[in-house]
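# Survey of secondary and tertiary structure
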Amino acid sequence: MTSRLLQRSLGSPDYDGIRQALRNDTSTAVIGVRGVEVRVAVLPLFTHDGRQAVRVTSTVPLTHVLVGEDSASGTDVTLLVPEVTAPRVLTLESRDDAGLIGSAEITITPQRKWSVFVVHHSHLDIGYTDPQGTVLRHHLDYLDAAVRLAEETASWPDDARFRWSVESSMPALKWLDARPADQVAKFAALARAGVIEVTALPFQLHTEACSTEELYRQLRFTTRLQEKYGFATKSAMHTDVPGAVVGVIDALNAAGVRYLAAAHNWAGRSVPYLHGGDKLTRPFRWRAPSGKEVIVWFTDTPHGMAYMEGNTVGLTDSYELADDLLPRYLSALASRGYPYGPGTFGWQGPDAPREPYELDVLHLRVQGAHADNAGPSIVPASIARKWNEQWAFPRLRSAVNSDFFEHVEERYHDRLAVHEGDWTDWWADGLGSGARPLGYVRRAQSALRIAETLHTIAGADATEQIDEAYDKVALFNEHTWGAANPWEDAEEAGDSGGLQWTRKSSGAYDAQDDAADLLHAAARRFGAALSDQGVDNAAALASFAVFNPGTASRTDVVRAFLPRDVVAADVPIALVDARTGETIPHHEEFVDPADWPTRPIGRHLHAVVPQVPGYGYARLDVVRGEVRAAEPVELDLGGVIENEFYRVTYDVREGVIRSIFDKAAGRELVNDTAAAGFGQYVYDRYATAPHFNHLSGHVGAHDRTLLGDRAIGRNATIVKAQRTAVGEKLVVELQGKGVDWLRTTIELHNGVARLDLTYQLAKQGTPAKEAVFLAFPFASGPATAWELTGGVGGPDVPRVPGSAEYMLPIRHWIAFEDPELTVAWATLEAPLVQLGTIHMPYAPFPPTLDEEPGTVYSWALNNIWDTNFPAQQQGETTFRYSIMSAPGIEGRRLGARAAAGLTDQFVGALLTSAPDAVKSFVSVDHPDVLVTSLGQNGDNEIVVRLQSLAAEPVEATVLLPGLRRALVSAGLERELRPLEVSADSVKVRLPACGVAAIWGTCE
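For the structure given in this document, a descriptive report is provided here. Worth saying up front: this structure is predicted, and the values here are computed from it rather than measured.

This paragraph deals with the overall build of the chain. Along the backbone of the chain there are 16 helices and 54 strands. Since a compact globule built from 1003 residues should have a radius of gyration of about 30 Å, the 32 Å found for the chain is in line with a globular shape. Counting only C-alpha atoms and orienting by the principal axes, one finds that the chain spans roughly 120 × 60 × 55 Å. Residue burial in the chain is summarised as follows: out of 1003 residues, 62% are buried. Considering only contacts in the chain between residues 6 or more positions apart, those separated by 24 or more positions represent 74%. Averaging the positions of the 91 positive and the 128 negative side-chain charges in the chain gives two centres separated by 1 Å.

This is the structure:
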């Protein structure tokens, strides 16, 4: 009684309720008399002797007769008739001991002869059900069991043999390193025989949190498996996370992977079927701008079944339950848009109409139990064995993941629909629930590219250390950000939220520390290598090589440290550009041991260095000056700063930037009539309760009712207005709900056509549902382009139907273009944005403001999740942004320039001698092609990694001094092709938004 009360009250059916709904939805009531009901289902079940099945159920035991064909007694019977090729009408009579209860005419219709590929795997949540280490050890135990079960069933019929798909390869790699040689040999033999398949993704990633290089590096193990163990990685599985970035297609292709099985867990947090998802047929061919494709299968229900489809129809329970439910499920797929009706899983939203599933082949995932991180079971294979003995069709095959795709590719490839572009993830909003560690990880992604480049130029191979740091970055980007109940703090199981988040977030901090260590060492090694090539310079007290890790030559600020033991602190100095002999103004900040006894003593030097070549350096000499560097000049607190390019006005009363005036264009960049001010702090509180597992599955927001409170930053005070030799700066402090304090720093540097903004806040921890936005209303039309991992999005760029529309998880930049001016906005730490308005964070995500096309709302952080993500966040957190404007420049190009000021900051390396005044180590002549990093391969082979932002294929010339031989690949070591070298350069063709790597042998 109590369980019925709760079930009916809370509207969350258990498996019994879901299964009964399937039975009801796939049968028709044909007799109803004296309280007795008889239902009939014509099902796609065929015997080996050519008969098909009719299933009859009754509320009491009866004898059911298909007149002239078959009869049976009971409450649930299967009657057999000769297979029909056209509808045939028969009479059903139902009898009890007293005689005929009732009769009805039923129509026997032709049925499909299905082939069902049952793919047994375990969904890897690194955490969620237990602390991370416990989960991973269990998954290694599962591989022990998989090997044993494969051997145990080796003599079974081929379709019934136990097969296992390693959904996430990380446990397999750990297992291969940890098990005895004889066990490893068995595993490899089973993998070569197609009994075990290791799929391509190391774990289930929030792919939009990955950098492009990180995404490719996470697939590098595929080469090792092929070379060391002799089996190929042919397919990938993407589980739980409802979406993936467009760059996944090219990355998988580069690793030799052509197939992707996606099992998207909607879990009440998304409504793909209201945004074109009803048009997304399966399987389909997913195509990148490069023209490369993967064939995609995805589990399909708007209600969150995901990778539990096979479990729901009994394939992990018993033959009897599967015999009851699987044919009904197949019948529902063939006859209706969604196999389960509205409300079956608790979500009460509408279902869009759609066409039934059209093929007669099905990919059906199954886990050993009804849970994440469930182990292997003999039951699915046992059911397949008994099933195929009993029934000719559906034919069940215990399969590995790629078996299904090879079958489909051979038979249906040309008839599959093609969809292009980004498959925008509905769960990406969860990234805002860990804003501080996510910011550290995004900084690490930039630092690792620069560190590897500098190590390479210095002649050192840091590949192993760089890869290990990237692995830590990726492990943070793995999709499990917390326990099932993250607000709890137990020591085990799904309540171990405190333990799990401590380990998860510490991984991000470790990754950032490793990246900082590698960059720190790389700068010293780079400086030492250049010093070895230099000569004594008696005129200089010291020198710096100012390295530009961006592709384009640019003017920007460098921050470098001059130790006291190199040049005494009381010695006045000047900085001289060794290229021209001209003095460059600089600003000094002395580290006084009285204030900082725990830090190196010396001077932090700030200078704007003009036109440093991309992937090159310019030398600055430190010479004795006539006077000490000028102290900062305190400016009027009226709130105006400027340089040659911009004049910025801050409105203290409103706590916003009132004006950003582009002097060259004579144009205002700020929309001063927008709902929010420029740079305004917006704090939302929602009228939903914390600490409910999968709360969002019970919440619908069709208006602003659940927006409990909205507040903005107030009581702004300008605490610093300052001019130094390098530029002008405003520092403003505000008060705001949800924070202990809020600080905005606005900077303009002399000679730099960019505005830099830094927001720092001390977040208060609270379990209440909340979000923080920073508003940027531009006086422009709508955004025209934005950077994605492995691609570029835009309003006219295709996206996979059903993608999230109310938000965007971007890499770094958004561009706005009109005939007179292009504006670019870039972010370093915060990837989530909403364009034009702020939406409610609950499905179907209605807007809370009128649409303003030119406004970017940076969704800096949130606490709206109720499971799998941290339940609250706190502490000091920093968000950095840049803004640029210029006439006649494509948005993609200006976006990349704006982002470079954040992601490719100049590095000042201290020198002990004077090498060349300027040098470029690599250059590329196409403005849409970026060099993302340089890597080392052996003593004299340099890897130049390229990425194109162009919407069309391009050819670029890459100049690499000393180049003698070159090979090219699509990002990884596979399929290296030779290139013709001419005058230290090669021409390489890059596909649209594609990547390439040049493997160059140099003198």
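Let's pick the thread back up.
Taken together, six strands build an open sheet; the order of strands is S30-S29-S35-S42-S41-S38 and the sheet is antiparallel. Edge positions in the sheet fall to strand S30 (707–712) and strand S38 (808–809), since each of these pairs with one other strand and no more. Pairing between strand S41 (residues 832–835) and strand S42 (residues 855–863): three bridges, direction antiparallel. Within S42, the residue paired with Gln-834 across the bridge is Tyr-857.

Attention shifts here to unusual backbone geometry. Residue Pro-283 is reached from Arg-282 by a cis peptide bond, and omega for that bond is -10 degrees. As for its position among the elements, Pro-283 is in the loop between strand S11 (259–264) and strand S12 (284–287). For the bond from Phe-393 to Pro-394, the omega torsion is 0 degrees, close enough to zero to count as cis. Inspection of the secondary structure puts Pro-394 in the loop between helix H11 (379–390) and strand S15 (395–399). Notably, Asp-240 is not glycine yet its phi reads approximately 85 degrees, a positive angle. Here Asp-240 is to be found in strand S10 (residues 235–240). Of note, the phi angle at Gln-611 is positive, near 45 degrees, even though the residue is not glycine. Structurally, Gln-611 is set in strand S22 (residues 602–612). You can call Gln-611 partly exposed: its relative accessible area is 46%.

Glancing now at the nonpolar core. Counting residues in each nonpolar core, the largest one holds 91 residues, and the members touching the most others are Phe-526, Val-944, Leu-946, Val-958 and Ile-998. Residues within four places of Phe-526 in sequence aside, it is in contact with Leu-454, Ile-457, Ala-458, Ala-545, Phe-547, Tyr-617, Ala-909 and Phe-921. Counting residues in hydrophobic clusters, the runner-up holds 86 residues, among them Leu-252, Leu-260, Ile-660 and Tyr-759.

A few words now on the packing of helix H3 (residues 132–152) against helix H5 (residues 181–192). With their axes 11 Å apart at the nearest point, H3 and H5 run at an angle of 65 degrees to one another. For the pair H3 and H5, the crossing hand works out as left-handed. Here H3 contributes Leu-143, Val-147, Ala-150 and Glu-151 to the contact with H5, which in turn contributes Gln-183, Lys-186, Phe-187 and Leu-190. Of the residues assigned to the contact of H3 with H5, the class counts are five nonpolar, one polar and two charged.

Turning to the sheet that holds strand S50 (residues 963–969), a few remarks are in order. Strands sit in the order S47-S48-S54-S50-S51 across an open sheet of five strands; the sheet is antiparallel. Pairing within the sheet leaves two strands with one partner each, and these edge strands are strand S47 (929–936) and strand S51 (977–979). Averaged over all neighbouring strand pairs, the angle between strand axes comes to 30 degrees, with direction disregarded. Two strands pair when backbone bridges link them, and S50 and strand S54 (residues 995–1002) are joined in this way by six bridges, in the antiparallel orientation. Opposite Val-968, over in S54, you have Ile-998 as the bridge partner. Against the sheet, helix H13 (residues 435–457) contacts S47 and strand S48 (941–948), and its axis sits at roughly 55 degrees relative to S47.

You can see Gln-367 is positioned in the loop between strand S14 (361–366) and H11. A polar side-chain atom of Gln-367 sits 2.3 Å from the main-chain amide nitrogen of His-123. In contact with Gln-367, not counting residues within four places along its chain, are His-120, His-121, Ser-122, His-123, Tyr-307, Met-308, Asn-311, Thr-316, Asp-372 and Ala-374.

The full count for this structure, using the stated rule, is 53 salt bridges. With its nearest N and O atoms 3.1 Å apart, the salt bridge here joins Arg-328 to Asp-324. Taken together, the residues Arg-328 and Asp-324, both in helix H10 (residues 319–335) and four residues apart, mark about one turn of the helix. Comparing Arg-328 with Asp-324, the two get one shared label, buried.

Right, let's get into the environment of Arg-897. Mapped onto the fold, Arg-897 is located in helix H16 (residues 891–903). Assessed through its relative accessible area of 44%, Arg-897 is described here as partly exposed. Separated by 522 residues in the primary sequence, Arg-897 and Gly-375 place their C-alpha atoms 49 Å from one another. If near-sequence neighbours (up to four positions away) are discounted, Arg-897 is found in contact with Met-884 and Ile-889.

Taking 1.5 Å of rise per residue, 13 residues should cover 18 Å, and H16 covers 18 Å from first to last C-alpha, within 8% of that figure. Of all 13 residues in H16, eleven are buried, a share of seventy percent or more.

Here we come to the environment of Gly-655. Along the chain, Gly-655 turns up in the loop between strand S26 (646–651) and strand S27 (656–662). Along the chain, Gly-655 and Tyr-681 lie 26 residues apart, while their C-alpha atoms are 8.5 Å from each other. Sequence-distant contacts of Gly-655, that is, excluding residues within four places in its chain, are made with Tyr-650, Ala-716 and Leu-734.

The residue Thr-316 is located in the loop between helix H9 (309–312) and H10 in this model. One polar contact links the side chain of Thr-316 to the main-chain carbonyl oxygen of Gln-367, over a distance of 3.0 Å. Thr-316 has contacts with Asn-311, Val-366, Gln-367, Gly-368, Ala-369, His-370 and Val-379, leaving out every residue within four places of it along the chain.

Let us now look at the packing of H13 against helix H15 (residues 497–533). Remark: H13 packs on H15, axes separated minimally by 8 Å, with the N-to-C direction vectors making an angle of 25 degrees. Here H13 lies roughly parallel to H15, going by the angle between them. Of the two possible hands of crossing, H13 and H15 adopt the one that is left-handed.

Aromatic rings in a pair are described by how distant their centres are and how their planes are angled relative to each other. The tally for this structure, following the rule as stated, stands at 43 aromatic pairs. Between Phe-162 and Trp-164, the ring centres sit 6.2 Å apart and the planes meet at 10 degrees, which makes this aromatic pair stacked. The class of Trp-164 is buried, set by a relative accessible area of 3%. Centroid distance Phe-776 to Tyr-881: 5.0 Å. Interplanar angle 50 degrees. Geometry classified as tilted. Of this pair, Phe-776 sits in strand S35 (residues 770–777) while Tyr-881 sits in strand S43 (residues 875–886), and the two are 105 residues apart along the sequence. For the pair Phe-776 and Tyr-881, a shared accessibility class is recorded, and that class is buried. Joined through ring pairs, the aromatic side chains of Trp-114, Phe-117, Tyr-259, Trp-297, Tyr-357, Phe-404 and Phe-405 make up one cluster. Of note, Arg-282 hangs over the ring of Tyr-357, and the distance from its end group to the ring centre comes to 5.4 Å.

Tallying each qualifying case throughout the model produces zero disulfides. Among the cysteines around Cys-993, which has no disulfide bond, Cys-210 carries the closest sulfur, lying 18 Å off. Look at Cys-993 and you get buried, because its relative accessible area is 4%.

Between its first and last C-alpha, helix H12 (residues 401–412) extends 17 Å over twelve residues, near the 16 Å set by a 1.5 Å rise per residue. Within H12, the full set of buried residues consists of Asn-401, Ser-402, Asp-403, Phe-404, Phe-405, His-407, Val-408 and Tyr-412.

With respect to the secondary-structure elements, Ala-369 resides in the loop between S14 and H11. With a relative accessible area of 34%, Ala-369 lands in the partly exposed category. Sequence separation of Ala-369 and Met-308 is 61 residues, and the distance between their C-alpha atoms is 9.2 Å. Residues contacting Ala-369, with those up to four places away along its chain left out, are Met-308, Asn-311, Thr-316 and Ala-374.

The rules behind each value
Residues numbered from 1 in each chain as written. Predicted model: local features only at pLDDT ≥ 70, side-chain atom pairs only at ≥ 80, totals over all residues. Heavy atoms only, no water. Helix = DSSP H or I, 4+ residues; strand = E, 2+ residues; numbered from the N terminus. Rg over C-alpha atoms; globule rule 2.2 N^0.38 Å. Buried < 20%, exposed > 50% of the residue type's maximum accessible area, 1.4 Å probe, protein only. Contact = heavy atoms within 4.5 Å. Lys, Arg positive; Asp, Glu negative; His and termini not counted. Charge placed at Lys NZ, Arg CZ, Asp CG, Glu CD. Pairing = 2+ DSSP bridges. Core = buried A, V, L, I, M, F, W, Y, C linked by side-chain atoms within 4.5 Å. Axes fitted to C-alpha atoms, helices over the stretch in contact; angles between N-to-C directions. Left-handed = near helix turned anticlockwise from the far one by under 90°. Nonpolar A, V, L, I, M, F, W, Y, C, P; charged D, E, K, R; others polar. Polar contact = N/O pair within 3.5 Å; in protein donor to acceptor, adjacent residues only side chain to side chain. Salt bridge = Lys/Arg side-chain N within 4 Å of Asp/Glu carboxyl O. Expected span 1.5 Å × (residues − 1). Parallel < 35°, antiparallel > 145°, perpendicular 65-115°, else oblique. Phe/Tyr/Trp six-rings, centres within 6.5 Å; stacked < 30°, edge-to-face > 60°. Lys NZ or Arg CZ within 6 Å of the ring centre and 35° of its normal. Disulfide = S-S within 2.5 Å.

So, to be careful, I would describe these as geometric facts and stop short of saying anything about function.
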